[in-house]
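Listed here are the chains, written in short residue letters.
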Amino acid sequence: MIKDVRFTKSEGKVLMLGNEALVRGCLEAGVSYVSQYPGTPTSDIGEYFHQVIRDYPEFGEYLVHHWAVNEAVASSACAGAAWTGCRSFNPMKHVGLNVASDALSVIALNGPNPGGMVISVGSDPGSLGSHQEQNERFYAWMLHLPTIEPHTPQECKDWVKLAFELSEKFDLVMNVRTSTRSAHSRGFVELGTLVKGKKSGEFIRNIPKYNSLPPHAINNHIRLYERIEKLREIIPELGLNKIIPGDNRVGIITSGMPFGYTMEALNQLELNDVPILKLGMVYPLNYDQITNYLQNLEKVVIIEELEPFLEVKIAEIAHNQRIDVEILGQNYFPKYNEFSTGLVATCLAKIFNKQPNEQMMKAMDYYNSYKEIIPSRFPTFCAGCPERATLYSILKATNHLENTIISGDIGCYVMSFFPPQQCSDLVICMSGGISAAIGMSTKTDQKVLAMIGDSTFFHTGMAPLAEAVGYNSNLLLIIFENSWTAMTGHQDDVLRYLINQGFSIEKVCKAFGVPWLRVEDSYNPKKLTKSIEEALETKGLKVIIIKRECALQAHRWRTSQIKTLQENDEKVQDISYYIGGCSMCYECVRILSCPAIRRVETEGIEEMQIDQDRCIKCGVCYEICPNGAIRKSIINLFGEEVPFREI
C-alpha cells in the first residue's frame, strides 16, 4: 500500500487541498486532540487525521481524533482537552456552529488555557453542500471568536499554527474560517517541522475560570473583552493583513476567497493602480490599521461573501474616526449565492465606470452557453437506496400524499423534495422535522409523517422523540437505520461504534415508551406500504424503523464477498433483473424513480430497460412492477447465495 507522506515529511513543498493543509498545520502545531461531527465542507479533515493515525501508528501514541455525536459535544470535548493543557482542534460546517454555539458561548468566556483551542468553520456560500448559506461570521461578534480567514492552502497551514499560538497566549478560542472553495482548492504548501502533541495533561482546579455562573460569569465577560483588546493591539505585528499599494483614490478591502476573485477581476479590467487591504484577520479589526488605510481614499469597496459583516464594522470605524469616505458594498454585490471572478469583475466595472474587456465577456458567454447544452439534473438517490424504496411505499400508502404532510430532515432523504417523488414538505435543521411534526399534529387533522436518519437521530433526534412520546403526538416517525453516516461519506464514527457494540434504536424507542413500533425492510415494499397505511390510521405516536444498510456500502460488501468466493473457485449464484413485455406504466421510473432504469427505443418500440452496470440487484423494481414485466433470472441456482448483509 502506498502511504501519503505529505503529512509526515519534515520538509519540502507538496500539493495540498486547503483542508489537507489545515491538518498538516495542526500536526506542525502539536495538536493532540481533535473532535468533530462530519459536515461538508469539513468532513474530510477528519478523514485525513484518521488516515495519518492508521498509516503511521506513532502519531496515535499522542494524537486522538473523535467523530462526535454532534457539534456541541465536539466543542465541549475539545474544551475539556484544552483545560488539561493540550492543544485541541474542532472543525465543523457553518450550520454546525449553530449547534455548537451554546457550548462555545461559555467556553469562549472561560478561555481554553492552560491549553489552546482552535475551531475551524467551513462556510458554504451558494449552498453547494448544505441546506442554506448562512453567513456564520456574525457569531464572531456574539461569541467573541477572533477569526482568521485564509485564502490559499499555504495560509491554511501557516495560520492554523498561528491561531494555536494566539489561543494559548491570549486565552482565546480562535476560529480559522474557510469556505467550500478554499477548503477544496489546491495549492503548493511549504512544509515545516512536525511537533509531537502532549500525550497527556493535567486539569488544575480553578472555580472562577471554569464555572461561568454568578458572580464569575460577569468577571469572565470583563476578562474576555480585555483579552480581545490585547489581541486587537498586536494585529499589525502578526503579518496576517496585507496592503497592496496603489494610487487610485478608490480602494478595496476584502478577505479569503473573494480576494482571489478581486485580483483576477482587477487584472481583467486593467485596473492596476487600486490599493487593496487584504484582511487575514476579519475579527477583531485593528482600528489604527483600518483608519490609516481609509485616510486618503474617496471611496472604499468592500468585497465579501455574503452579508455585510466587514462593511458594517468598517463603516463604524470610519464614522467614529470622522473619515469622509464613501463605503460601497452591499449596494453593488449580492448578499446571496457564491461569488466568482466574473461576478466581481462585473460589479467593479460599474463602480469604476469601466467596460469589461472583450476577452472577459467572451469567457463569461462561453461559460453561460454550457447551461443551454448541459441538461439540468436534480440530485437523486443511488440505485438500490433503501430510502428511495421507502419513499415509494409512502407515496403508495398515502395515495400520493393525499391529506398528508411529510416533515423532512437532514440526510440523504433531503433529496426527496425533488421531482418525481416531491415527498418532503419542509426541512429545518437536524431533527427539526420531528419537532415541527409535533406542533403540526396538535393543530391539523391532516396525517403527519416525519422522517429522520440514524445519524441525525443520535445527533439531536432523541430529545424530540422523548417529547413526542410524552405528549403521545399524533404522528408517524420513520427512522432510516442504514447503519452509516451516509451523506457525508460513510465515516467510521460513533454511530458505527455503537452499532458494532450492539446498540439498538429499537431498544431506545422501547425504553422511551413508544406505544406503536414496527421494524420493517424497504426491500419488502408491499409489507412496508401496509404498515404505513396502518400507522396513519392509528391515533397517537407511531414509529417505523427501516432496517436496511446504505446501498453503496451494502453493494460493496456483497461484491467483495462474491469476489472472495470466486477466487476460491466456488460457484456463486448470480441474480439479474431484466424487462420484457413492458406496458410503459412508468411505475418503476416515476414513482420508484430508480436511476438504473431508463426508457429506450428498440426497433421503433419504446420500452424500459435496466442498466446492468448501475443495478445493484436489490429487487425492489421486481417486487413493485404491477404488470409482472420485470423478470428475475438466477444463474448457478445451486451455487453459494450471497444476500445483502443484515444490520
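For the structure, check the block above.
Here is what the cut-offs are and how they apply
Residues numbered from 1 in each chain as written. Predicted model: local features only at pLDDT ≥ 70, side-chain atom pairs only at ≥ 80, totals over all residues. Heavy atoms only, no water. Helix = DSSP H or I, 4+ residues; strand = E, 2+ residues; numbered from the N terminus. Polar contact = N/O pair within 3.5 Å; in protein donor to acceptor, adjacent residues only side chain to side chain. Contact = heavy atoms within 4.5 Å. Buried < 20%, exposed > 50% of the residue type's maximum accessible area, 1.4 Å probe, protein only. Pairing = 2+ DSSP bridges. Right-handed = clockwise from strand over helix to strand, strands pointing away. Lys, Arg positive; Asp, Glu negative; His and termini not counted. Salt bridge = Lys/Arg side-chain N within 4 Å of Asp/Glu carboxyl O. Axes fitted to C-alpha atoms, helices over the stretch in contact; angles between N-to-C directions. Expected span 1.5 Å × (residues − 1).

## Things to note about the side chain of Gln 36
Positionally, Gln 36 belongs in strand S2 (residues 33-36). Here the side chain of Gln 36 touches Gly 46 through a polar contact of 3.0 Å, landing on its backbone nitrogen. When near neighbours in sequence (up to four residues on either side) are disregarded, Gln 36 contacts Thr 42, Ser 43, Ile 45, Gly 46, His 65, His 66, Trp 67, Ala 68, Ala 74 and Pro 91.

## Details of the environment of Pro 379
Along the chain, Pro 379 turns up in the loop between helix H14 (358-373) and helix H15 (386-397). Accessibility expressed as a relative area gives 44% for Pro 379, which makes it partly exposed. Counting along the chain gives 35 residues from Pro 379 to Val 414, while the straight-line C-alpha distance between them is 9.8 Å. With near-sequence residues (within four places) excluded, Pro 379 lies in contact with Met 415 and Phe 418.

## Some remarks on the pairing of strand S15 (residues 404-407)
Here S15 shows no split at all, with Thr 404 and Ile 406 on one side and Ile 405 and Ser 407 on the other all buried. Looking at chain direction, S15 and strand S16 (residues 447-453) are connected through 4 bridges and run parallel. Its bridge partner lying in S16, Ile 406 is registered against Leu 449. Note that the unit made of S15, helix H16 (residues 432-443) and S16 has a crossover that is right-handed.

## Overview of the side chain of Glu 311
Position of Glu 311 among the secondary structure elements: in helix H12 (residues 309-320). One buried charged residue, Glu 311, remains without a salt bridge, the closest side chain of opposite sign being Lys 335 at 8.0 Å.

## Thoughts on the sheet that holds S15
If you trace the 5 strands from one edge of the open sheet to the other, you get S15-S16-S17-S19-S18, paired in parallel fashion. Edge positions in the sheet fall to S15 and strand S18 (516-520), since each of these pairs with one other strand and no more. Sheet twist, expressed as the mean angle between neighbouring strand axes with direction ignored, is 20 degrees. Where S18 lies against strand S19 (residues 542-547), 5 bridges are found, and the strand directions are parallel. Residue Trp 516 lies in a different strand from S19, and its bridge partner there is Lys 542.

## Points about the environment of Ser 435
Position of Ser 435 among the secondary structure elements: in helix H16. Of the residues examined, Ser 435 reaches a relative accessible area of 38% and is grouped as partly exposed. Measuring from C-alpha to C-alpha, the distance between Ser 435 and Ile 252 comes to 45 Å, with 183 residues separating the pair along the chain.

## Looking at the sheet that holds strand S13 (residues 299-303)
Pairing is mixed across the open sheet formed by 5 strands, whose spatial order is S9-S11-S10-S13-S14. Single-partner strands in this sheet number two, and they are strand S9 (242-244) and strand S14 (326-328). For this sheet the average axis-to-axis angle between neighbouring strands, irrespective of direction, equals 20 degrees. Bridging between S13 and S14 involves 3 bridges; their strand directions are parallel. Within S14, the position partnered with Lys 299 by the bridge is Glu 326. Sheet strands in contact with H12 are strand S10 (250-255), strand S11 (276-279), S13 and S14, and its direction is about 175 degrees off that of S14.

## Digging into helix H21 (residues 551-567)
With 17 residues, H21 should reach 24 Å at 1.5 Å per residue; the first-to-last C-alpha distance of 24 Å fits that figure. Burial in H21 covers these residues: Ala 551, Gln 553, Ala 554, Arg 558 and Leu 565. Summarising the contacts, the buried residues of H21 are in contact with H15 and strand S20 (574-579). Where H21 ends, the next residue or the one after it, Asp 569, has phi of about 60 degrees, a positive value.

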